[in-house]
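# A closer look at the structure
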Amino acid sequence: MKLTLAEPKYLKDSISIISDLVNETTFMITPESIEIVAMDPANVAMVVFKLLSSCFTEYDVKKELNIAINLSNFKQILGRAKPEDILTLEMEENKLKIQMKSNTTRTFSLPIIDLEEEEQKVPELKFPVSIKTTASLLSGSIEDVDIVAESVTFLTEPKKLIILAEGDLSQAKIEVKDDEETKINSTSDNIRSKYSIEYLKKMITASKLASEVTMQFDKDY
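Position numbers for residues start from 1 in each chain and track the written sequence from start to end. Where totals are concerned, whole chains, interfaces and linings use all residues; where local detail is concerned, this predicted model gives features only for residues with pLDDT of at least 70, and gives and counts side-chain atom pairs only at 80 or more. Only hydrogens and water are set aside; all other atoms, that is, all heavy atoms of the structure, feed into the side-chain values.

### Structural notes on the pattern of salt bridges
In what follows, salt bridge is the name for a side-chain nitrogen of Lys or Arg lying within 4 Å of a carboxyl oxygen of Asp or Glu. Under the definition given, this model contains eleven salt bridges. Of the charged contacts in the structure, one is a salt bridge between Asp20 and Lys75, with a shortest N-O distance of 3.8 Å. On the criterion of sequence distance, the pair formed by Asp20 in the loop between α1 (9-18) and β2 (24-29) and Lys75 in helix α2 (residues 71-78) is long-range, its members being 55 residues apart. Counted as one network, the salt bridges with shared partners bring together Glu90, Glu92 and Lys97. Secondary structure is summarised from DSSP: a helix means a run of H or I of at least four residues, a strand means a run of E of at least two, and numbering begins at the N terminus for each.

### Digging into the sheet that holds strand β3 (residues 33-39)
Pairing between two strands is assigned when DSSP locates at least 2 bridges connecting them. The strand order β4-β3-β2-β6 describes an open sheet built from four strands, whose pairing is antiparallel. Each end of this open sheet is capped by a strand with a single partner; those strands are β4 (46-52) and β6 (65-70). Adjacent strand axes in the sheet meet at a mean angle of 20° when their direction is disregarded. Pairing geometry for β2 and β6, over six bridges, is antiparallel. Of the residues in β6, the one forming a bridge with Phe27 is Ile67. Each of β2, β3 and β4 touches α1; the most contacted strand, β4, lies at about 175° to it. Throughout, a contact is declared for two residues whenever any of their heavy atoms are within 4.5 Å. Axis geometry follows a simple rule: fit a line to the C-alpha atoms, using only the stretch in contact for helices, then measure angles between N-to-C directions, giving values from 0 to 180 degrees. The sheet strands contacting α2 are β2 and β6, and the helix crosses β6 at an angle near 85°.

### Quick notes on the layout of surface pockets
Vacant regions in the atomic arrangement are exposed by a probe of water-molecule size rolled over the atoms. Here a cavity denotes a set of grid points, spaced 1 Å apart and computed over the protein atoms alone, in which a 1.4 Å probe fits but from which it cannot get out, and a pocket denotes an open set meeting protein on both sides within 12 Å along at least five of seven lines; residues with an atom within 4 Å of a point are reported as lining. Grid points are joined across faces, edges and corners, and a volume is the space filled by probe spheres set on the points. Of the pockets and cavities examined, the largest pocket occupies roughly 1700 Å³. Forming the boundary of the largest pocket are 39 residues, of which Met46, Val47, Val48, Met203 and Thr214 lie nearest the centre. At the level of elements, α1, β4, α3 (135-146), β15 (192-196), α4 (197-204) and β16 (212-217) are the ones that each hand at least two residues to the lining of the largest pocket. Classifying every residue of the lining of the largest pocket by side-chain character gives 32 nonpolar, five polar and two charged. Ten residue types, Ala, Val, Leu, Ile, Met, Phe, Trp, Tyr, Cys and Pro, are classed as nonpolar, four, Asp, Glu, Lys and Arg, as charged, and the remainder, Gly among them, as polar.

### Comments concerning the sheet that holds strand β5 (residues 58-60)
What the five strands build is an open sheet, ordered β5-β1-β7-β8-β9; its pairing is antiparallel. Edge strands, defined here as strands with exactly one partner in the open sheet, are β5 and β9 (105-111). When the angles between neighbouring strand axes are averaged without regard to direction, this sheet yields 15°. The pairing of strand β1 (residues 2-5) with strand β7 (residues 86-92) spans four bridges and is antiparallel. Bridge pairing in β7 places Leu3 opposite Leu89.

Below is the structure:
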């Protein structure tokens, strides 16, 4: 196995985000992509991640390979990657070798761990509400409601999304209308569900990698 990335940020930023939710996980490295399907330790959040082989300048994977590593350690190593570095990943004596090359060549080794975990399957879920908007709008809304409460309610009205948080004395309410940058598709109105702001804050940091976000939810789900 030899994988080379000319732009380390795709892997660096992704692992930084995922490691806030998952401590240890198994990477499924196939001839087509690198994949992660993992639950956080509290079994609240699932992460489904795929980095396609087309992102790499060199992608040499002869057969499917599963490797388990500590994401905190991997994040620390990837954090040392500079934007101009060429990042290469290889397997060497039951360790993951990580090389960063620009005007210097730096090489790190990360141990492969034995991880006894059940294979995670992505559930096939259908939702009556699907909202596509800018990542910056959702990120800003989560930051707004974070100052008054620990949970947030998403509520749909005809052609409108309401983001609502209520503390002991304070309240934050954001109304988002269906327009050019926000598309609300709903088979039913008055769908309401409440979620943890702590988890949403960790997830929405992925906005640094994507300009658009799709939200789907169901009543009390």
